[in-house]
Amino acid sequence: MSDPSTPRPGRTRPEPDGRRRSLDARRRSLRARRRAAVVALIRAVLIAAGLVTAYYLLPLDEHGTVTSSALLVCGLVGVLMVFGFEVWAIARSPHPRLKAVEALAATLALFLVLFAGAYYMVDRSTPGSFSEPLTRTDALYFTLTTFSTVGYGDIAARSQAGRVLTMAQMVGGLLLVGVAARVLASAVQAGLRRQGRGPAQPGSDSDAGTPDQ
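Residues numbered from 1 in each chain as written. Predicted model: local features only at pLDDT ≥ 70, side-chain atom pairs only at ≥ 80, totals over all residues. Heavy atoms only, no water.

Enquirer: Could you give me a rundown of the layout of surface pockets, with the residues and numbers involved?
Expert: As a volume, the largest pocket reaches approximately 320 Å³. Around the largest pocket sit 14 residues that line it, and Val79, Leu80, Phe111, Gly172 and Leu175 are the ones nearest its centre. Elements with a minimum of two residues in the lining of the largest pocket: helix H2 (65-92), helix H3 (96-125) and helix H5 (160-194). Per-element accounting of the lining of the largest pocket gives the leading share, six residues, to H5. Class assignment of the residues belonging to the lining of the largest pocket gives a composition of 12 nonpolar, two polar and no charged. (1 Å grid on protein atoms, 1.4 Å probe; cavity = no way out; pocket = protein on both sides within 12 Å on 5 of 7 lines; lining within 4 Å. Points joined across faces, edges and corners; volume = space filled by probe spheres on them. Helix = DSSP H or I, 4+ residues; strand = E, 2+ residues; numbered from the N terminus. Nonpolar A, V, L, I, M, F, W, Y, C, P; charged D, E, K, R; others polar.)

Here is the structure:
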């Protein structure tokens, strides 16, 4: 007679309930992460598209140099405020890495659109500030080539105001790439530690060794 504990051919033994629940929980977690990644990507694209759309629609043709400078300063303060809020949100987000990508996209798009608008207004208020008259697309193109350090040379700043503005963008771009990226990485680690998924800070209880027996 065959052993009743031996599984018959063509039939599998049922998995324990605990293992099945664990697999279901992993599948749900994976689906949740995928949905969060898609939502973060769509949100980043929408933010960038909205800022570029606003750049093309806002009335920027009737501002002088002083007004342009004031708007630029206010815009930079706005960039810092948005960045600070995003850092706070990353540390408290259930998906800090995805939130960091969204924050970087929003901050970078706002930074680039801000300087593109400033270049356009300076060229409108002081003709000849650049090597050729700038349309909004030309100003955005010049901003991107300056930020990426490509500098094709087809458009160059000629006036003092244009060159000061270009230098300000260069410095701001270096800070954005260097300091801001490091701050975002620190915020991601803080968010992971808050959820118990990241490395503990040096000197915390989890790093303390066991006492000698």
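Enquirer: Before we move on, can you summarise the pattern of salt bridges with the specific residues and values?
Expert: Any two side chains of opposite charge can pair, so long as their charged atoms come close to each other. Under the counting rule described, the total for this entry stands at four salt bridges. The partner of Glu102 in a salt bridge is Lys99, with the nearest N and O atoms 3.5 Å apart. Taken as a pair, Glu102 and Lys99 lie in helix H3 at a separation of three residues, close to a single helical turn. Residues Glu102 and Lys99 agree in their burial class; the two are buried. (Salt bridge = Lys/Arg side-chain N within 4 Å of Asp/Glu carboxyl O. Buried < 20%, exposed > 50% of the residue type's maximum accessible area, 1.4 Å probe, protein only.)

Enquirer: Which residues make up the nonpolar core, and what are the values?
Expert: Grouped together as the largest cluster of nonpolar side chains are 33 residues, with contacts concentrated most on Tyr55, Ile90, Tyr119, Phe130 and Leu165. Only H2, H3, helix H4 (136-147) and H5 provide two or more residues apiece to this core. Among the elements that take part in this core, H3 stands out by supplying 13 residues, more than any other. Among residues more than four places away in sequence, those in contact with Ile90 are Pro96, Lys99, Ala100, Ala103, Leu184, Ala187, Val188 and Gly191. (Core = buried A, V, L, I, M, F, W, Y, C linked by side-chain atoms within 4.5 Å. Contact = heavy atoms within 4.5 Å.)

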